[in-house]
Amino acid sequence: MFQYEKRLQFPVNIKKPDAKVAQMIMSQYGGPDGEIGASLRYLSQRFASPYRQVSAVLTDIGTEELAHLEMVGSIVHQLTHNLTPEQIKASGFADYYIDHTTGVWPQAAGGVPFTATEFQSKGDIITDLHEDMAAEQKARTTYDNILRMLDDPDIIAPIKFLREREIVHFQRFGEALRYVQDQLDCRNFYSMNPAFDKRR
Amino acid sequence: MGEQRDERKLLLQQIDQYSFAVDDVKLFLDTHPHDEEALAYFRRYSALRKKALQAYTQRYGALSMDTAKGDRWDWVDTPWPWEGAY
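Since we're looking at a predicted model, the values are computed, not measured. (Residues numbered from 1 in each chain as written. Chains lettered and ligands numbered in written order. Predicted model: local features only at pLDDT ≥ 70, side-chain atom pairs only at ≥ 80, totals over all residues. Heavy atoms only, no water.)

What about the environment of L10 of chain B?
Residue and element names in this part refer to chain B.
Phase 1 of the analysis: Its location among the elements puts L10 in helix α1 (residues 2-31).
Phase 2 of the analysis: Relative accessible area serves as the criterion here: at 57%, L10 is assigned to the exposed category.
Phase 3 of the analysis: Residues L10 and W73, spaced 63 residues apart in sequence, show a C-alpha to C-alpha distance of 23 Å. (Helix = DSSP H or I, 4+ residues; strand = E, 2+ residues; numbered from the N terminus. Buried < 20%, exposed > 50% of the residue type's maximum accessible area, 1.4 Å probe, protein only.)

Written out as structure tokens, the structure reads:
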């Protein structure tokens, strides 16, 4: 069950629209290492987790990613809100505008639509947790790339917050992986898939 | 009006801060469920968050269905967080 709270996890108050920057940041909405992929990855993987503690990590991080999705959507919205047709033409935002006006739609910075092929739900908790750790690092790198393009402190603050959360999540997934290994045969963690071969 | 908005923003900022403390320690507790210090931290900020949410709801309307009083459906006319200047 999910319940909505009418606030952002970290406030977004951007005063100066900038369509070019919106096009870049949009990638964290629906791009290959974006927040919707992150959320769907963890919320989907948790069903095959044989350990309640790991299901908790996947559920809580997957839920937080939804809050991040909302923050990124808010950033994109505020950066494109009230743009004039002239500003859209001048900023290279026209291609997006033709299909979506200034609505928020999940796509990568380069225009590739969001696709579920950007993540896995492998049904093997060891495999899934390794992907999750890599995913957090990829998202962190993307935020680093975005930060190098920014000079508006109103955009920098929420992006820095999001970047920081990727590091915390990486740490927690690492701890979850260690927990899984502690439940397994330390002579060979990979002797079987604890979600499939060990029926319960 | 401006003063009231500042007060609302301040209260919301408090909710954001307490909520973040809860969000963060929640993840820590998922992987360290028996850490007494973290449990105490959770209890402290969870209580502060609930109090701040109640104070906010009394004056500026509900942020969630759990805090909605139901005497007036202000859910439809209080601002959405992506509007900015929130």
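Side note on the UniProt feature "binding site: Ca(2+)" (unreviewed entry) in chain A
Phase 1 of the analysis: Listed under "binding site: Ca(2+)" (unreviewed entry) in the UniProt record, and renumbered for this structure, are D60 of chain A.
Phase 2 of the analysis: Looking at the element boundaries, D60 of chain A is found in helix α4 (residues 52-80).
Phase 3 of the analysis: Apart from residues lying up to four places away in sequence, D60 of chain A is in contact with K26, L27 and D30 of chain B. (UniProt positions renumbered as here; feature names shortened; annotations may be inferred. Contact = heavy atoms within 4.5 Å.)

A short note on the packing of α4 of chain A against helix α8 (residues 153-183) of chain A
All names here are of chain A.
Phase 1 of the analysis: Two numbers describe how α4 lies on α8: the axes approach to 11 Å, and their chain directions differ by 165 degrees. Looking at the two axes, α4 sits roughly antiparallel to α8. Helix-helix and strand crossings are classified by hand; for α4 and α8 the assignment is left-handed. The residues of α8 that touch α4, namely those facing Q53, V54, V57, L58, I61, E64, E65, H68, M71, V72, I75 and L79, are I155, P158, I159, F161, L162, R165, H169, R172, F173, A176, Y179 and V180. (Axes fitted to C-alpha atoms, helices over the stretch in contact; angles between N-to-C directions. Parallel < 35°, antiparallel > 145°, perpendicular 65-115°, else oblique. Left-handed = near helix turned anticlockwise from the far one by under 90°.)

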